[in-house]
Amino acid sequence: MRHTKKDWLLAGLTGLSLAVILLLLAVLLGQIIWHGAPVISAEFLTEKPGADMISGGIWPAIYGTVFMTLLMTLAGVPVGIATAIFLNEYASPRSRIAKVVRLAVNNLAGVPSIVFGLFGLGFFIIFVGGSIDSLLYDDPTPVWGKPSILWASLTLAVLTLPVVIVTTEEALRTVPRELRDASLALGATRFQTVYKIVLPNAKGGILTGVILAVSRGAGEVAPIIFCGAANFLPYLPTDLRDMFMHLGYHVYALATQSPNVDAAQPTLFGTVLVLLVLTFSLNLLAVIIRARSRAALRP
Amino acid sequence: MTEQVLDAGDGRAPAVNSRRRTTLRPRRAKSKLASSFQTPLWHRVAERTIAVLALTAIAAIALIFVFIAREAVPMFWEVEFAEEVELRDLFLAKEWKGYDEPVFIWQPVGEPAKFNVVPLFVGSLKVTFLAMLMSVPLGIGCAMFIALYAPRAVREIVKPAIELLAGIPSVVLGFFALMVLASWAQAAFGFHFRLNAVVAAIGLALTIVPVIFTIAEDAIQSVPQTLTEAALALGARKYQVALRVVLPAALPGIAAGVVLGFGRAIGETMIVLMASGNAAIMEVFDFTTSVRTVTATIAAELGEVAQGDPHWRVLFLLGVMLFGVTFVLNIVGDLAIRRLQKKLTAES
Amino acid sequence: MVILAQNWAQAFMDANPGKVLQVSGGGSGTGLAALINGTADLANASRPIKDKERKQLMKRRGAEAHAFRVALDSLAVYVPAANKIEALTIPQLKKIFRGQTTNWKDVGGEDRPIILYSRENNSGTYTYFKEHVLDNEDFAATAQTLPGTAAVINAVSKDAGGIGYGGIAYSQGVRTVKVAPADGDPIEPTMENATSGKYPLSRFLNIYSVGEPSGIAKEYLDFVLSPKGQDVVEGVGYYPLPKEATAATE
């Protein structure tokens with residue numbers, strides 16, 4: 001096929017847009033690694049921050065992020081997987097309930113993160129926490145009805161639910177129908193088929209979804225501003241009702257509230273780098289597992 | 001009917017998937033699933049649990065709406081609210097003391113407090129529009145390049161790179177826009193405001209491009225090859241095929257991507273909070289001014305007001321309105337994708 | 001004030017191992033809102049509590065607010081280091097932040113548009129500035145509101161036409177200008193001028209409690225007012241309480 005000038009022009013223009021994006025990405029990563037890497041040291045990763053937020057390390061923020069993410073996973077993932085199993089294995093695609101659930105999942109995926117923050121505050125903290133308090137205690141000082149790592153995790157569990165559902169469903173769909181048919185034909189019940197045949201075969205894909213959700217949840221800041229993140233808390237949370245430090249929130253706080261922004265820059269870049277490494281390594285893990293499980297399913 | 005769950009949330013999973021699923025399951029499978037007498041009890045319990053848990057997403061959407069609205073609606077009857085704020089001042093211009101003409105003002109602290117939400121929505125729409133102006137051509141351009149021109153090796157590198165971009169937390173992009181982009185942009189364009197709508201929009205565009213790219217690329221890939229081959233066989237050049245056959249055929253999918261990207265942009269918080277300058281200026285056409293968006297206003301102010309205060313109610317009202325806007329956008333995007341799939345399956 | 005609270009908390013926790021304090025940030029409104037909502041035991045605020053907040057506190061927590069003066073601050077006006085302007089009067093500042101004066105040449109500087117930087121609107125600093133400089137009139141809509149004084153400083157330092165305001169403790173990387181009352185000489189925001197009350201924009205920083213503080217809150221407050229606690233104040237860059245003004249309850 002001959003290429004004319006116009007062909008080259010179109011290829012050039014579309015290629016240029018790709019180049020712009022890749023360049024911006026490279027600049028962003030380059031800046032963060034260039035300024036951030038020299039800051040990273042064993043002390044930076046394992047010590048608590050000094051009172052000026054600039055000296056010392058960011059260990060409580062790392063710990064808080066991981067702890068919160070873990071709680072979020074425990075709360076959200078089982079629900080997400082159950083929903084995907086229901087949609088893919090039980091509900092008939094034409095059933096009204098499946099349609100409504102799908103619509104809800106799609107919509108949930110598009111709800112702005114700050115609205116999740118309002119939801120966490122209005123529902124978990126004021127309604128659920130407040131109700132627990134009024135049932136258990138007479139004292140007007142809230143025990144449960146205040147920002148904490150528990151409520152932040154639950155809020156993020158709702159936020160990441162669609163990611164888990166969508167990726168799990170995709171994983172379930174890759175399991176060949178013949179396997180299910182064979183299992184059912186041998187007299188297994190539908191649940192036995194799901195439990196013994198479908199889930200083990202979709203394991204890799206489901207894990208991918210879980211990791212993607214974790215990576216998404218670990219980086220979200222807007223929902224936790226009111227739900228439990230603390231500016232400065234050089235101690236690790238030991239109780240579900242404690243507030244906690246968070247890497248993403250720490251970046252925001254350092255960039256806007258440290259007394260000397262220029263002096264804070266190295267710490268800031270270092271914190272950003274740690275946050276990025278955390279989310280990227282999770283993403284990378286997800287990509288690897290996905291590739292492997294796809295290879296395993298191929299005949 | 002194709003099985004499809006739209007993924008607006010993270011832009012990672014392919015959103016248009018034209019694979020069809022035909023099921024061989026018996027018609028009554030659902031009602032019979034737990035009835036067989038040899039099934040152990042815990043199987044039945046587990047199945048019930050799964051069915052109940054599957055309703056969580058529906059419950060979540062409903063609870064989000066109800067519990068945000070619950071904090072906002074008392075404004076319609078509370079005396080405390082009426083004493084401080086007139087409802088129509090939330091939306092209409094008013095000639096406040098000290099001003100020569102009716103104005104739209106967001107100054108929620110002071111005597112009297114001025115809660116006009118119009119400048120905030122103007123700000124949100126302005127920065128969103130700008131971000132779309134940048135990310136739509138970029139996203140579609142990237143998708144066309146990858147689908148039509150790029151050699152396999154490039155594709156293998158670019159797709160993970162864009163997934164990487166999608167995986168960057170928005171606070172990091174906000175930080176990048178605030179610390180790096182803002183200074184560069186001012187040096188390059190001599191902006192009056194260092195932090196302005198353009199800088200925030202560049203940051204936003206970086207989150208939207210992956211959304212649009214992913215959907216557009218899927219839409220282009222799913223254009224039936226018979227169409228392109230027929231066009232080529234008729235003697236069309238490649239660019240003609242690209243622009244007149246592939247692009248129009250993929251348009252509904254691309255449109256869905258644009259709608260979802262728009263919803264994503266208008267709801268983004270951390271980037272605009274950090275990089276837009278947050279001045280509630282009532283200025284529609286000058287894109288180099290600072291803007292204060294709905295999302296940044298909620299994030300910056302909600303922590304500072306007491307529960308039940310009029311200011312608190314107005315901020316939750318903003319949340320309800322934001323939820324409403326994105327809800328509608330999601331449904332529109334969803335419908336567009338469904339229509340696309342129907343059309344494609346009918347053609348092939 | 002967040003930074004001061006953090007330093008106090010750190011010093012207190014160092015002095016009393018095993019006792020843990022949580023510090024959350026934002027403006028004065030954040031602390032008072034948290035106090036009203038019951039999520040904090042003590043609130044730092046650089047502004048007096050409002051009547052409305054007192055009422056809300058009474059209604060929700062069932063107790064009166066108690067105020068303690070804990071430090072002294074001069075609200076400084078910042079310009080970038082390269083801006084040679086020496087002093088501004090309060091009326092000039094008002095016109096600048098109202099958006100009526102828009103070029104530095106109108107107040108004796110070079111020909112350059114003025115860019116306003118302000119604080120988020122429920123911070124004590126914002127409220128104080130609005131009351132004492134703007135006579136309760138509105139800030140110009142073009143004033144960019146940033147979520148912390150540090151962000152204001154950072155923005156001003158990078159913006160040749162910028163002007164901002166904030167607590168004295170933050171003034172690194174920018175110049176503070178002298179401020180003159182409507183009918184007086186320009187005064188520098190030094191510790192002496194703040195202590196003597198000569199600097200027109202001096203204010204006390206307060207800690208609020210619900211009812212009489214008790215337990216760990218009381219210990220903390222005693223620590224803050226002790227010489228050790230006041231050393232922290234100076235270390236951070238605010239001014240310690242003058243001797244005659246110790247811990248007066250409102």
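Residues numbered from 1 in each chain as written. Chains lettered and ligands numbered in written order. Predicted model: local features only at pLDDT ≥ 70, side-chain atom pairs only at ≥ 80, totals over all residues. Heavy atoms only, no water.

Thoughts on the overall build of chain C
Here is step 1 of the chain: Each helix and strand counted, chain C has nine helices and eight strands in total.
Here is step 2 of the chain: Its C-alpha atoms give chain C a radius of gyration of 18 Å, within 12% of the compact-globule value 18 Å for 250 residues.
Here is step 3 of the chain: The dimensions of chain C, computed from C-alpha atoms along their principal axes, are 55 × 35 × 30 Å.
Here is step 4 of the chain: Counting only residues that meet the buried cut, chain C has 60% of its 250 residues in that class.
Here is step 5 of the chain: Residue pairs in contact within chain C that sit at least 24 positions apart in sequence constitute 71% of those at least 6 positions apart.
Here is step 6 of the chain: Counting only carbon and sulfur atoms, one obtains 50% of the accessible surface of chain C, whose full area is about 9300 Å².
Here is step 7 of the chain: Of the charged side chains in chain C, 26 are positive and 27 negative; the average position of the first set lies 4 Å away from that of the second. (Helix = DSSP H or I, 4+ residues; strand = E, 2+ residues; numbered from the N terminus. Rg over C-alpha atoms; globule rule 2.2 N^0.38 Å. Buried < 20%, exposed > 50% of the residue type's maximum accessible area, 1.4 Å probe, protein only. Contact = heavy atoms within 4.5 Å. Areas by Shrake-Rupley, 256 points an atom, 1.4 Å probe, with all protein chains shown as cover. Lys, Arg positive; Asp, Glu negative; His and termini not counted. Charge placed at Lys NZ, Arg CZ, Asp CG, Glu CD.)

Re the pattern of salt bridges
Here is step 1 of the chain: If you walk through the whole model with that rule in mind, you get 28 salt bridges over all chains.
Here is step 2 of the chain: Here E53(C) ties to R47(C) by a salt bridge, and the two come within 3.0 Å at their closest N and O atoms. R47(C) shares its class with E53(C); the two are buried.
Here is step 3 of the chain: Three or more residues joined by partner-sharing salt bridges are found here, namely R70(B), E71(B), E78(B) and R313(B). (Salt bridge = Lys/Arg side-chain N within 4 Å of Asp/Glu carboxyl O.)

Digging into the domain arrangement of chain B
All names here are of chain B.
Here is step 1 of the chain: Taken domain by domain, chain B comprises domain 1 (2-54), domain 2 (71-114) and domain 3 (116-347).
Here is step 2 of the chain: Computed from C-alpha atoms alone, the centre-to-centre distance between domain 2 and domain 3 is 32 Å.
Here is step 3 of the chain: Taken residue by residue, the interface counts 19 residues in domain 2 and 23 residues in domain 3.
Here is step 4 of the chain: Counting each side, the surface lost to burial between domain 2 and domain 3 is near 1800 Å², with a carbon and sulfur contribution of 68%.
Here is step 5 of the chain: Among the residues domain 2 hides against domain 3, the three largest losses belong to E71, F104 and W106. Together they make up 42% of the total.
Here is step 6 of the chain: Where domain 2 meets domain 3, there are two salt bridges.
Here is step 7 of the chain: In this structure, the salt-bridge partner of E78 is R313, at a minimum N-O distance of 2.8 Å.
Here is step 8 of the chain: Joining domain 2 to domain 3, the criterion identifies eight residue pairs in polar contact (both at pLDDT 80 or more).
Here is step 9 of the chain: When contributions to the side of domain 2 that touches domain 3 are tallied by element, the ones reaching two or more residues are α3 (56-72) and α4 (79-84).
Here is step 10 of the chain: When residues of the side of domain 2 that touches domain 3 are assigned to their parent elements, the largest contribution, three residues, is made by α4.
Here is step 11 of the chain: Looking at the side of domain 2 that touches domain 3 residue by residue, the classes come out as 13 nonpolar, no polar and six charged. (Domains from an automatic or database assignment. Buried area = accessible area lost by both parts, 1.4 Å probe. Polar contact = N/O pair within 3.5 Å; in protein donor to acceptor, adjacent residues only side chain to side chain. Nonpolar A, V, L, I, M, F, W, Y, C, P; charged D, E, K, R; others polar.)

Quick word on the interface of chain C and chain B
Here is step 1 of the chain: Taken residue by residue, the interface counts 34 residues in chain C and 35 residues in chain B.
Here is step 2 of the chain: With both sides pooled, the region where chain C packs onto chain B buries about 2700 Å², and carbon together with sulfur makes up 41% of that total.
Here is step 3 of the chain: The largest contributions to the chain C side of the interface with chain B come from N121(C), D138(C) and Q144(C), which together make up 19% of the buried area.
Here is step 4 of the chain: There are three salt bridges connecting chain C and chain B.
Here is step 5 of the chain: In this structure, K52(C) engages E84(B) in a salt bridge whose closest nitrogen and oxygen atoms are separated by 3.2 Å.
Here is step 6 of the chain: Summed over the shared surface of chain C and chain B, the result is 12 residue pairs in polar contact (both at pLDDT 80 or more).
Here is step 7 of the chain: If you tally residues by element for the side of chain C that touches chain B, the top one is helix α2 (residues 28-37) of chain C, at five residues.

Quick look at the pairing of strand β8 (residues 202-210) of chain C
All names here are of chain C.
Here is step 1 of the chain: Most of β8 is tucked away, with eight of its nine residues classed as buried.
Here is step 2 of the chain: Looking at chain direction, strand β1 (residues 42-45) and β8 are connected through four bridges and run antiparallel. Residue pairing in the sheet places A43 in a bridge with Y208 of β8.
Here is step 3 of the chain: Bridge count between strand β2 (residues 65-80) and β8: nine bridges; the pairing is antiparallel. The partner of A65 across the bridge, within β8, is V210. (Pairing = 2+ DSSP bridges.)

A few points about the side chain of H250(A)
Residue and element names in this part refer to chain A.
Here is step 1 of the chain: If you trace the backbone, H250 turns up in helix α9 (residues 247-257).
Here is step 2 of the chain: Overall, the relative accessible area of 2% leaves H250 in the buried class.
Here is step 3 of the chain: When near neighbours in sequence (up to four residues on either side) are disregarded, H250 contacts M53, I58, N231, M245 and T271.

Overview of the nonpolar core
Here is step 1 of the chain: If you look at the biggest cluster of nonpolar residues, it comprises 253 residues, and the most contacted ones within it are L302(B), W8(C) and Y238(C).
Here is step 2 of the chain: A total of 16 residues in this core trace back to one element, the largest contributor, which is helix α5 (residues 118-149) of chain B.
Here is step 3 of the chain: By size, the runner-up hydrophobic cluster in this structure holds 29 residues, among which are L88(C), Y128(C), Y199(C) and L201(C). (Core = buried A, V, L, I, M, F, W, Y, C linked by side-chain atoms within 4.5 Å.)

Here we look at the packing of helix α3 (residues 59-90) of chain A against helix α8 (residues 190-219) of chain A
Residues and elements named next belong to chain A.
Here is step 1 of the chain: Here α3 crosses α8 at 140°, and the two axes come no closer than 9 Å. The orientation of α3 relative to α8 falls into the category oblique. For the pair α3 and α8, the sense of crossing is right-handed. Counting all contacts with α3, which are made through T65, M68, T69, M72, T73, V77, I81, I85, E89 and Y90, the residues of α8 involved are R190, F191, V194, V198, L199, I206, V210, A213, V214, G217 and A218.
Here is step 2 of the chain: Grouping the amino acids of the contact of α3 with α8 by side-chain chemistry returns 15 nonpolar, four polar and two charged. (Axes fitted to C-alpha atoms, helices over the stretch in contact; angles between N-to-C directions. Parallel < 35°, antiparallel > 145°, perpendicular 65-115°, else oblique. Left-handed = near helix turned anticlockwise from the far one by under 90°.)

Quick word on the domain arrangement of chain C
Here is step 1 of the chain: For chain C, the assigned domains read domain 1 (2-71 + 204-236) and domain 2 (76-188).
Here is step 2 of the chain: With centres defined by C-alpha atoms, the gap from domain 1 of chain C to domain 2 of chain C works out at 28 Å.

Concerning the interface of chain A and chain B
Here is step 1 of the chain: Contact residues are listed per partner, giving 99 residues for chain A and 100 residues for chain B.
Here is step 2 of the chain: Taking both partners together, chain A and chain B bury about 9000 Å²; carbon and sulfur atoms supply 75% of that area.
Here is step 3 of the chain: Linking chain A with chain B are zero salt bridges.
Here is step 4 of the chain: Sorting elements by how many residues they give to the side of chain A that touches chain B places helix α1 (residues 5-36) of chain A first, with 18 residues.
Here is step 5 of the chain: Across the side of chain A that touches chain B, the residue classes tally to 63 nonpolar, 22 polar and 14 charged.

Details of the environment of V164(A)
All names here are of chain A.
Here is step 1 of the chain: Structurally, V164 can be placed in helix α6 (residues 149-173).
Here is step 2 of the chain: Separated by 158 residues in sequence, V164 and K6 have C-alpha atoms that sit 44 Å apart.
Here is step 3 of the chain: The contacts of V164, once residues within four sequence positions are left out, are V77, G80, I81 and A213.

Side note on the pairing of strand β4 (residues 115-119) of chain C
All names here are of chain C.
Here is step 1 of the chain: Within β4, five of the five residues are buried, leaving the element largely enclosed by the surrounding structure.
Here is step 2 of the chain: Across the two faces of β4 the burial is the same, with I115, Y117 and R119 and L116 and S118 all buried.
Here is step 3 of the chain: As paired elements, β4 and strand β6 (residues 162-167) share two bridges and run parallel to each other. Looking at the pairing, I115 lines up with G162 of β6.

With respect to the confidence of the model for chain B
Residues and elements named next belong to chain B.
Here is step 1 of the chain: Scored by pLDDT, chain B has a mean of 83; 87% of the residues are at 70 or more.
Here is step 2 of the chain: Here helix α1 (residues 29-32) stands out as the element of chain B with the lowest mean pLDDT, 46, in contrast to α3, whose mean of 94 is the highest.
Here is step 3 of the chain: Here residues 1-36 is modelled with pLDDT under 50, and outside its nearest four sequence neighbours on either side it reaches 95 contacts, counting other chains as well. (pLDDT = per-residue confidence, 0-100.)

Comments concerning the environment of V305(B)
Here is step 1 of the chain: Inspection of the secondary structure puts V305(B) in the loop between α12 (294-301) and α13 (310-347).
Here is step 2 of the chain: On the basis of relative accessibility, which here comes to 4%, the residue V305(B) falls in the buried class.

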